[in-house]
Amino acid sequence: MDCTFAVYRFDPAVDRKGRYQRYVVPAESGDKVLDCLNRIRWEQDPTLAFRASCAHGICGSDAMVINGRVALACQKLVRDFNTANHFVIEPLPVFQVIKDLVVDLRPFFEKHRAVRPHLVTNGAHPEKERRQSAENQQFIEPALRCILCAACTASCPITRVNPNYLGPAALLRAFRYICDARDAITLERLRKLDDEDGIWGCETMWWCTEVCPKGIPVTKCLGQIKRLLKKEDSSD
Ligand code: SF4
Ligand code: FES
């Protein structure tokens, strides 16, 4: 069957504003949206720019807006959409477009770095590994699935109005270390998030959880941070 793709095109070097370019792509119902985009680039238009690498929901590089909803192009099949084989493909919102479907993710990764996304420990290094209990591992396991695709942050209504808000992905990474029993700076981590650009920017709107391609309960994890901060405040 033939599928019609209206793909957002914008090259800031030559275009004053974006436009949609139409492509007709032969596809099977079980083809991925990414397969169709590759077909466009390989067979029709090598100037179309988008990111993708693993094609299996692992690298997190092909998050984009597919028929109005943020998703990974490699995780969505043609048959997942009830739109008469018509697709509208757009770049992630919130971020600046570099070209076509490629956005500038530097602000996203700066916020990720701001939460110190690594274990901080005290004392001597152990001879072997730092042991973690099975319960503790299970508690933070959902957050370990994050592939930093930015789908949640791009979909978050708060990110759209407050550019300083850390956003769900960075806050989820903070949760991962705050709740890791081996980390030595839990309180410091919590205090850093204790404002409107941090955890209190979250208004529990659930959009992050809805779009997450790894099925992570992002909103619930953020709720844990809020609970821990309230507990700290009541014990002061
Ligand atoms: Fe992507 Fe989910 Fe991680 Fe957000 S929490 S960056 S949507 S994998
Ligand atoms: Fe790697 Fe889709 S191409 S997640």
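Residues numbered from 1 in each chain as written. Chains lettered and ligands numbered in written order. Predicted model: local features only at pLDDT ≥ 70, side-chain atom pairs only at ≥ 80, totals over all residues. Heavy atoms only, no water.

A word on the packing of helix α6 (residues 168–178) against helix α9 (residues 218–235)
So the rule is basically this: The axes are straight lines fitted to the C-alpha atoms, using for helices just the contacting stretch, and the angles between their N-to-C directions are given from 0 to 180°. Only DSSP runs of H or I covering at least 4 residues are called helices, and only runs of E covering at least 2 are called strands; the numbering of each starts at the N terminus. Angle categories are assigned with fixed cut-offs, so that under 35 degrees is roughly parallel, over 145 is roughly antiparallel, 65 to 115 is roughly perpendicular, and the rest are oblique. Two helices cross in a left-handed way if the nearer one is turned anticlockwise from the farther one by less than a right angle. They cross in a right-handed way if the turn is clockwise. By definition in these notes, contact holds between two residues if any of their heavy atoms fall within 4.5 Å. Only Asp, Glu, Lys and Arg are considered charged in this grouping, and only Ala, Val, Leu, Ile, Met, Phe, Trp, Tyr, Cys and Pro are considered nonpolar; every other residue, Gly among them, is considered polar.
At a minimum axis distance of 9 Å, the contact between α6 and α9 shows a crossing angle of 60°. One way to sum up the angle between α6 and α9 is to call them oblique. α6 and α9 meet at a crossing whose hand is left-handed. Contacts from Pro-168, Leu-171, Leu-172, Phe-175 and Ile-178 of α6 reach α9 at Val-218, Cys-221, Leu-222, Gln-224, Ile-225 and Leu-228. For the contact of α6 with α9, a count of residues per class yields 10 nonpolar, 1 polar and no charged.

Overview of the site of ligand 1
Threshold: Being near a molecule or strand, for a residue, comes down to having at least one heavy atom within 4 Å of it.
Lining the immediate surroundings of ligand 1 are 13 residues, of which Cys-146, Cys-149, Ala-150, Cys-152 and Cys-212 lie closest. In the shell around ligand 1, the residues fall into 12 nonpolar, no polar and 1 charged.

Notes on the packing of aromatic side chains
Stated formally: Under the pairing criterion, centres of Phe, Tyr and Trp rings, with the six-membered ring standing for Trp, must be within 6.5 Å; the plane angle then separates stacked pairs below 30 degrees from edge-to-face pairs above 60, leaving the rest tilted. For every residue, the accessible area obtained with a 1.4 Å probe (protein chains only) is divided by the maximum for its type, and the residue is called buried under 20%, exposed over 50%, and partly exposed between those limits.
Evaluation of the coordinates by the stated rule reveals 6 aromatic pairs. Relative to Tyr-20, the ring of Tyr-8 has its centre 5.6 Å away and its plane inclined at 75°; by these criteria the two rings are edge-to-face. You can see Tyr-8 sitting in strand β1 (residues 2–9) and its partner Tyr-20 sitting in strand β2 (residues 19–26), a full 12 residues away along the chain. Given the relative accessible area of 17%, Tyr-8 is considered buried. Ring centres of Phe-139 and Phe-175 lie 5.9 Å apart, and the angle between their planes is 45°; on these two criteria the pair is classed as tilted. Residue Phe-139 is located in helix α3 (residues 134–144), and its partner Phe-175 is located in helix α6; the two are separated by 36 residues in the primary sequence. Residue Phe-139 is classed as partly exposed on the basis of its relative accessible area of 39%. By relative accessible area, Phe-175 is classed as buried at 1%. Of the aromatic side chains, those joined through ring pairs into one cluster are Phe-5, Phe-81 and Phe-87.

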